[in-house]
Structure formats: structure tokens, C-alpha cells
Amino acid sequence: MQIGIYTFAESGAESGAGSGADQDRGISPSQRLRNLVEEIVLADQVGLDWFGVGEHHRPDYAVSNPAMSLAAAAIQTKNIRLSSAVTVLSSDDPIRVFQQFSMLDNLTQGRAEIMVGRGAFVESFPLFGHALDDYDGLFAEKLQLLMAVNDAEYISWPRTKHLPAVNHQGVYPRPYQDKLPIWLGVGGTPQSAVRAGKLGLPLALGIIGRDPARFAPLFDLYRAAASKAGHDPASLETSLNVHGFVAETSQAARDIYSGPHNEVMTRLGAERGWPPATRAQFDTMCGPGGALFVGGPAELTDKILAHHEIFGFTRITIQMAIGLLDLKSLMNAIEILGTRVAPDVRKALEA
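Residues numbered from 1 in each chain as written. Predicted model: local features only at pLDDT ≥ 70, side-chain atom pairs only at ≥ 80, totals over all residues. Heavy atoms only, no water.

A word on the overall build of the protein chain. Across its full length, the protein chain holds eleven helices and twelve strands. Expected size for 351 residues packed as a compact globule is a radius of gyration near 20 Å; at 20 Å, the protein chain falls within 12% of this value. Overall, the C-alpha framework of the protein chain stretches about 60 × 55 × 40 Å when taken along its three principal axes. Looking at the protein chain residue by residue over its 351 residues, the buried ones come to 53%. Put simply, 71% of the contacts in the protein chain that link residues at least 6 apart link residues at least 24 apart. For the protein chain, the accessible surface area stands at approximately 14900 Å², while carbon and sulfur atoms represent 53% of it. (Helix = DSSP H or I, 4+ residues; strand = E, 2+ residues; numbered from the N terminus. Rg over C-alpha atoms; globule rule 2.2 N^0.38 Å. Buried < 20%, exposed > 50% of the residue type's maximum accessible area, 1.4 Å probe, protein only. Contact = heavy atoms within 4.5 Å. Areas by Shrake-Rupley, 256 points an atom, 1.4 Å probe, with all protein chains shown as cover.)

Structure, rendered in C-alpha cells:
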């Protein structure tokens, strides 16, 4: 099983807060991106398997192009796989997405992946001239074209509702790998899990609330759809993407992570009609069956292994850099995850 980290590179900035060193809240995008490179390099050094960076088009996030931020760390790393988490394919050009990650793949000599999704945030749709009414149709067409470009050097595509025609054009550069791994990132939508299974794509399931075990049937739907479409479910990779943090003790992990986590959940909740996040709720979600993977090394190891028993995933990734988290605490958490938690998980699975 692979163990990794994903981040949205939050800067905490607010709309109209200025730019560069003039931010009156949070840190500048410049500093946040430099910190991000340090995080990726450390994750590689401590033996983590994967690092993912998400795409957003809001003032409180520093990354609008995951491939570019990953490329900044590519030649400073040796083993870790680098991926988007996710690329909002519905509002992007699938050929350009392929080219960007193919370049990243060549820089890393075969360590690049793409994780695509429809996006939990919708700012990119009006920004790039797309209608929200086409939310799913855009994604379906563009995913088909992305897969076609990945399969063949020359592409022919008929004009479709959302995409222009392409007449036997070569797409370059080609990736270092035979093909780029394309993962489908989903929330709790059964239709999305079925789509991934039908297409034979690896599935990444994001969970930020409720009991994770309640989402296990989505993996069953995915594997059943894959089998029905002629794909071997046993050959398909799956990932659980969760919020979490690790420190020397469970109490320290909760104290460090609860403030930034709850601030973000409360801020986003105000936009989406959720109630404010509380410490009591946070502590409950840190329990054995809760959605937050927060604790000391042994506690986090046990929780990962327990959920592996439920889901049978091949990868787990944790979003630790949520909100305005202290960089020193975050780097310490990355080191503990790589040098203590990951080895213990692997040893237990081997046994």
C-alpha cells in the first residue's frame, strides 16, 4: 500500500487583500509556493510514496496549475510520485492537461500522474467561459479525449458539443512512461464511482465528513462496474483521500490541527450552509470510526490499517496542510508520517 500527502496550498488570503508581501491575512502566494516545494522534497526524503496538489481559482489558495507547482519540485525529488489532486478537467483543455503532465513525467523520469475530477468548487467555470449547466457533460467529453490522447500519439476527434474537431494531429511531448496514469477523483457520488469502473480507471475517493465506513459500498459499485465492463477489478488501484494530521502525541496532533481545520470548515460552511465547526465535533471525528485521521504515530497507524480492512485500498493520502498551519509543525508531521507511520503500516501488511 502506498502512503502519501495531498494539499491545496492554502494561503489564507481574502479577496481584495493585495498581492505579494501586501497580504493582510495569511501568507503570500510566493511564500506558500516556496513552502510547498519544501514539503514535497521532505516527503520524498522521508520515503512517502505520493504527493498530490489540488487546483483552485480562489484568493485563499495559491495553486491554479498543479503541474507547474509540481514541476518546481520535480528535479529536487528522486522517488515520490507527483500528481494533481485534482485537475478540474471540466474547465480545462484535455490536450493541454496531457501535455503539461507529460512534461512533468519527463522531468521526473516516469513519476507523474493525473487525477481528474469535476471539482468541488465552481469558480473555474465562469472564469473560463463554461456554463454550470454543462457540469457533467463537459467532464464526460473531456475525459474521453484525455484518455484518447494518452492512448495514441496521433489523435482524431469529431466535433462534439463541447470540443472542436481534431484531424489526425500529433500531441507532444509523449510521456516518459508508456502512458500517464489517469485517476478519477470522486466524492460521494455513486454515478462517478460507476463511471470510473466502466472506464477501467483507478478510483480516488475523497472523504471529509461522516463515518468513512459508510462510503465502502462505493468501492463495491466501482469494482462491480469494472467487472461488468470487462476490466479485472483486482488489477485496478484505489485510493482513500482523507483529512488528517500526526504529531508525537494524540493530544498534540489534535491541538495543532483543530484550529486551522475548523477555521476552514467554518469558512467554507458559511458559503455552503453548514453550521460552524466546533472542537467537540472535531474530537469526535478523530475517534476510531470518524472521518479525521488525527493522532499520534501508533493511533494513526491503527486507523489506517483498520480502514484498509474495510476498503482494501492500494493507497491512502492525507491532507495535513489545511488552513494556516504552522510550517514547522507540518514538516514535523510529514517526517513522522514517512519515518514512523508508513514503515509500521507496511510492516503490518507484510505480516
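Applying the stated criterion across every chain yields a total of eight aromatic pairs. Aromatic pair Phe-8 and Tyr-61: ring centres 6.2 Å apart, planes at 75 degrees, arrangement edge-to-face. With a gap of 53 residues between them, Phe-8 in the loop between strand S1 (2-7) and helix H1 (29-45) and Tyr-61 in the loop between strand S2 (50-53) and helix H2 (66-74) connect regions that are remote in the sequence. Put simply, the rings of Tyr-6, Phe-8, Tyr-61 and Phe-121 touch in pairs and so form one group of aromatic residues. Of note, Arg-272 hangs over the ring of Phe-121, and the distance from its end group to the ring centre comes to 4.6 Å. Across from the ring centre of Phe-293, 5.0 Å away, lies the NZ or CZ of Lys-303, which sits over that ring. (Phe/Tyr/Trp six-rings, centres within 6.5 Å; stacked < 30°, edge-to-face > 60°. Lys NZ or Arg CZ within 6 Å of the ring centre and 35° of its normal.)

A word on the pattern of salt bridges. Think of it this way: side chains of opposite charge can pair up when their charged atoms draw near. Tallied over the entire structure, the rule returns 19 salt bridges. For Glu-123, the salt bridge goes to Arg-58, with nearest N and O atoms at 3.1 Å. In this pair, Glu-123 sits in the loop between strand S5 (112-117) and helix H4 (124-127) while Arg-58 sits in the loop between S2 and H2, placing the two residues 65 residues apart along the sequence. Judged by relative accessible area, Arg-58 falls into the buried class, the value being 12%. When the shortest N-O distance is used, the salt bridge between Asp-151 and Lys-179 registers 2.8 Å. Residue Asp-151 is found in helix H5 (residues 135-151), and its partner Lys-179 is found in the loop between strand S7 (166-170) and strand S8 (182-186); the two are separated by 28 residues along the sequence. On the basis of relative accessibility, which here comes to 42%, the residue Lys-179 falls in the partly exposed class. (Salt bridge = Lys/Arg side-chain N within 4 Å of Asp/Glu carboxyl O.)

Here we come to the pairing of S2. Residue alternation in S2 divides its side chains into two sets, Trp-50 and Gly-52 and Phe-51 and Val-53, and both sets are buried. In terms of strand pairing, S1 meets S2 through four bridges, oriented parallel. Pairing of Ile-5 across the sheet is with Phe-51, part of S2. Direction of pairing for S2 relative to strand S3 (residues 81-84): parallel, over a ladder of four bridges. (Pairing = 2+ DSSP bridges.)

A few words on unusual backbone geometry. Of note, the bond from Ala-85 into Val-86 is cis; its omega dihedral lies within 30 degrees of zero at 10 degrees. On the secondary structure map, Val-86 appears in the loop between S3 and strand S4 (87-88). Residue Pro-173 is reached from Tyr-172 by a cis peptide bond, and omega for that bond is 0 degrees. Looking at the element boundaries, Pro-173 is found in the loop between S7 and S8. Located in the positive-phi region is His-168, a residue other than glycine, with phi close to 50 degrees.

A separate point is the environment of Thr-339. Checked against the element boundaries, Thr-339 lands in helix H11 (residues 327-350). Assessed through its relative accessible area of 40%, Thr-339 is described here as partly exposed. Reaching out from Thr-339, the side chain makes a polar contact with the backbone oxygen of Glu-335 at a distance of 2.6 Å. (Polar contact = N/O pair within 3.5 Å; in protein donor to acceptor, adjacent residues only side chain to side chain.)

In this section: the pairing of strand S12 (residues 315-319). Burial runs high along S12: five of the five residues are buried. Taking every second residue as pointing to the same face, both faces of S12 are buried, with Arg-315, Thr-317 and Gln-319 on one and Ile-316 and Ile-318 on the other. Taken together, the five bridges between S1 and S12 define a ladder with parallel strand orientation. Within S12, the residue paired with Gln-2 across the bridge is Arg-315.

Let us look at the nonpolar core. In this structure, Leu-48, Met-320, Ile-334 and Leu-337 are the most contacted members of the largest nonpolar core, which totals 104 residues. Dropping the residues within four chain positions of it, Leu-48 is found in contact with Ile-3, Ile-5, Ala-43, Ile-80, Ile-334, Leu-337, Gly-338 and Ala-342. (Core = buried A, V, L, I, M, F, W, Y, C linked by side-chain atoms within 4.5 Å.)

Here we take up the packing of H2 against helix H3 (residues 94-108). Between H2 and H3, the shortest axis-to-axis distance is 10 Å and the interhelical angle comes to 10 degrees. Put simply, H2 runs roughly parallel to H3. Packed against H2, whose contacting residues are Pro-66, Ala-67, Leu-70, Ala-71 and Ala-74, the element H3 presents Gln-100, Phe-101, Leu-104, Leu-107 and Thr-108 at the interface. In terms of residue class, the contact of H2 with H3 is built from eight nonpolar, two polar and no charged. (Axes fitted to C-alpha atoms, helices over the stretch in contact; angles between N-to-C directions. Parallel < 35°, antiparallel > 145°, perpendicular 65-115°, else oblique. Nonpolar A, V, L, I, M, F, W, Y, C, P; charged D, E, K, R; others polar.)

Every buried residue of H2 is listed here: Pro-66, Ala-67, Ser-69, Leu-70, Ala-73 and Ala-74. Projected onto a plane normal to the axis of H2, the buried residues spread over an arc of 165 degrees and lie on a single side. Contact partners of the buried residues in H2: H1, S2, S3 and H3. At the N-terminal end of H2, a side-chain oxygen is found 3.1 Å from the backbone nitrogen of Ala-67, two or three residues along, and the residue is Asn-65. (Arc of directions from axis to C-beta.)

None of this, on its own, says anything about what the molecule does.
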